[in-house]
Amino acid sequence: MTRTTITRRSLGALLAAGLLASGLTACGNSDTGDSASGDGKIVLGFSQVGAESGWRTANTTSIKEAAAEAGIELKFDDAQQKQENQIKAIRNYIQQKVDVIAFSPVVESGWDTVLKEAKDAKIPVILTDRAVDSADKSLYKTFIGSDFVKEGRLAGEWLVKEKQAATGPVNIVELQGTTGSAPANDRKKGFAEAIGANPNLKVVASQSGDFTRAGGKQVMEQFLKANPKIDVLFAHNDDMGLGALEAITAAGKVPGKDITIITIDAVKDGMQALADGKFNFIAECSPLLGPQLMELVKKVKAGEEVPARVETEETTFTQEQAKAALPTRKY
Ligand code: AHR
């Protein structure tokens, strides 16, 4: 399997291109029209997970701007975090005979039937952001996105170092992402593997907050009621961590001090919380997948070979690093 990474420099150039395109109108809706573009443009049908987080909003913007910049006609559908809506959107795109279908699967399982329908209709499929667990890899051309296991591992490794002097139990609560989604499964796995290095570190409660602020707040309230001693919160994204801040403050505790908070994403609001000392560490997950996705769309449409896996390059942030990065943070 070939593996490609986005370098900082190329990402900067791609971003600049995306910004130049921001004055252009973006795209249409999924269910308009019943055939591919009549003006020779490539038609891309894209099924987005939803609008559950700051990350997702930035991802949608990146895709719309990059499509406009690349001269690709985009049919866009927001599945509102429901798999059945994504399957319906993909079937619509097949009926409309789009050139390429791309989607970010809300959960990992249950895609084989609809992917087979796309394959039978000879419409290439690209997975973006999240993977599927299909055994048949011929059902899609490539997968572009982050290594979620690595993100969880980086979060856990930072905590192991941070708590290396601990002599007694360190109680961790975990806010998981959407149940059954690749980032929730993989981040949980990577984090658990890493904290295994220190037997004092124990996950005492772990529940889904569905990647939303409201979910993060609500589940954190329950955690705080049920667990008298919480030392660490690991939230699978910034938004749940931001929701949890409200619950922690309402419980009379100081976020970032009484409870160490680690999140994933590094969107602006999360970075602000980190710079303000309310979060302690963030593992980055880049939403800026649009420009690379459009390159892949052009290639698969042209019948060119593409790498089976395109992995996004990412970093991590401490409080000091967040302060330095915030002024130029684009999303
Ligand atoms: O799949 C990427 C994840 O989905 C992001 O971490 C999260 O914020 C989003 O909702």
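Residues numbered from 1 in each chain as written. Predicted model: local features only at pLDDT ≥ 70, side-chain atom pairs only at ≥ 80, totals over all residues. Heavy atoms only, no water.

Caption draft 1: Examining the overall build of the protein more closely. When you go through the protein residue by residue, the secondary structure sums to 11 helices and 14 strands. Expressed as a percentage of its 331 residues, the buried residues of the protein come to 55%. Counting only contacts in the protein whose residues sit at least 6 apart along the sequence, the fraction spanning at least 24 positions is 76%. When the accessible surface of the protein is summed, it comes to about 14,200 Å², and 50% of that surface belongs to carbon and sulfur atoms. (Helix = DSSP H or I, 4+ residues; strand = E, 2+ residues; numbered from the N terminus. Buried < 20%, exposed > 50% of the residue type's maximum accessible area, 1.4 Å probe, protein only. Contact = heavy atoms within 4.5 Å. Areas by Shrake-Rupley, 256 points an atom, 1.4 Å probe, with all protein chains shown as cover.)

Caption draft 2: Spotlight on the pairing of strand E9 (residues 201-208). Here strand E8 (residues 170-176) runs beside E9; their pairing, made up of seven bridges, is parallel. Bridged to Val173 within E9 is Ala205. (Pairing = 2+ DSSP bridges.)

Caption draft 3: The arrangement of the confidence of the model for the protein in detail. Residues with a pLDDT of 70 or more make up 89% of the protein, whose mean pLDDT is 91. Within the protein, the lowest mean pLDDT, 35, falls on strand E2 (residues 28-29), and the highest, 99, falls on strand E10 (residues 232-235). Low pLDDT, under 50, characterises residues 1-35; the predicted model gives this stretch 59 contacts beyond four residues in sequence or across chains. (pLDDT = per-residue confidence, 0-100.)

Caption draft 4: The pairing of strand E12 (residues 281-284), seen in detail. What you see with E12 is no split at all: Phe281 and Ala283 on one side and Ile282 and Glu284 on the other are buried throughout. Summarising the sheet, strand E11 (residues 260-265) and E12 pair through four bridges and their orientation is parallel. Within E12, the position partnered with Asp265 by the bridge is Glu284. In this view, the connection linking E11 to its parallel neighbour E12 by way of helix H9 (residues 268-275) has right-handed handedness. (Right-handed = clockwise from strand over helix to strand, strands pointing away.)

Caption draft 5: Quick look at the packing of aromatic side chains. One pass over the full model with this rule turns up four aromatic pairs. Over the ring of Phe76 we find Lys64, and its NZ or CZ is 4.6 Å from the ring centre. (Phe/Tyr/Trp six-rings, centres within 6.5 Å; stacked < 30°, edge-to-face > 60°. Lys NZ or Arg CZ within 6 Å of the ring centre and 35° of its normal.)

Caption draft 6: The arrangement of the site of the ligand in detail. The immediate surroundings of the ligand are formed by Glu52, Ser53, Trp55, Arg56, Asp129, Arg130, Phe148, Pro183, Arg187, Phe211, Asn237 and Asp265. At 2.6 Å, a side-chain N or O of Asp265 approaches an oxygen atom of the ligand. Protein contact buries 100% of the 280 Å² of open area that the ligand shows by itself. Of all the secondary structure elements, the ones that give two or more residues to the shell around the ligand are helix H2 (54-70) and helix H6 (182-195). A class-by-class count of the residues in the shell around the ligand yields four nonpolar, two polar and six charged. (Near = heavy atom within 4 Å. Polar contact = N/O pair within 3.5 Å; in protein donor to acceptor, adjacent residues only side chain to side chain. Nonpolar A, V, L, I, M, F, W, Y, C, P; charged D, E, K, R; others polar.)

Caption draft 7: Layout of the packing of helix H3 (residues 83-95) against helix H4 (residues 112-120). Close contact between H3 and H4 brings their axes to 10 Å; oriented N to C, the two are set at 10 degrees. By the angle class used here, H3 and H4 are roughly parallel. Every residue of H4 that contacts H3 at Ile87, Ile90, Arg91 and Ile94 is listed here: Thr113, Val114, Glu117 and Ala118. A per-class count over the contact of H3 with H4 returns five nonpolar, one polar and two charged. (Axes fitted to C-alpha atoms, helices over the stretch in contact; angles between N-to-C directions. Parallel < 35°, antiparallel > 145°, perpendicular 65-115°, else oblique.)

Caption draft 8: Structural detail: the nonpolar core. Of all hydrophobic cores here, the largest spans 30 residues; its most connected members are Leu175, Met220, Phe223, Leu233, Ile259, Met271 and Phe279. Counting residues per element, the ones that place at least two in this core are E8, helix H7 (213-226), E10, helix H8 (238-250), H9 and helix H11 (319-325). If one sorts the elements of this core by residue count, H8 sits on top with six residues. Apart from residues no more than four positions distant in its own chain, Met271 is found in contact with Ala266, Ile282, Phe317, Ala322, Ala325, Leu326 and Arg329. Counting residues in hydrophobic clusters, the runner-up holds 24 residues, among them Ile94, Leu115, Leu127 and Ala131. (Core = buried A, V, L, I, M, F, W, Y, C linked by side-chain atoms within 4.5 Å.)

Caption draft 9: Region of the structure containing the side chain of Thr260. Looking at the secondary structure, you find Thr260 in strand E11. With sequence-adjacent residues up to four places away left out, Thr260 is seen in contact with Trp158, Lys163, Asp231, Val232, Leu233 and Asn280.

Caption draft 10: Geometry of the packing of H2 against helix H10 (residues 290-301). Between H2 and H10, the least distance of the axes is 8 Å, while the angle of their chain directions is 50 degrees. Taken as axis vectors, H2 and H10 run oblique relative to one another. Both H2 and H10 take part in a crossing whose hand is right-handed. Contact residues: Ser62, Ile63, Ala66, Ala67 and Ala70 in H2; Gly290, Pro291, Leu293, Met294 and Lys298 in H10. Considering only residue class, the contact of H2 with H10 consists of seven nonpolar, two polar and one charged. (Left-handed = near helix turned anticlockwise from the far one by under 90°.)

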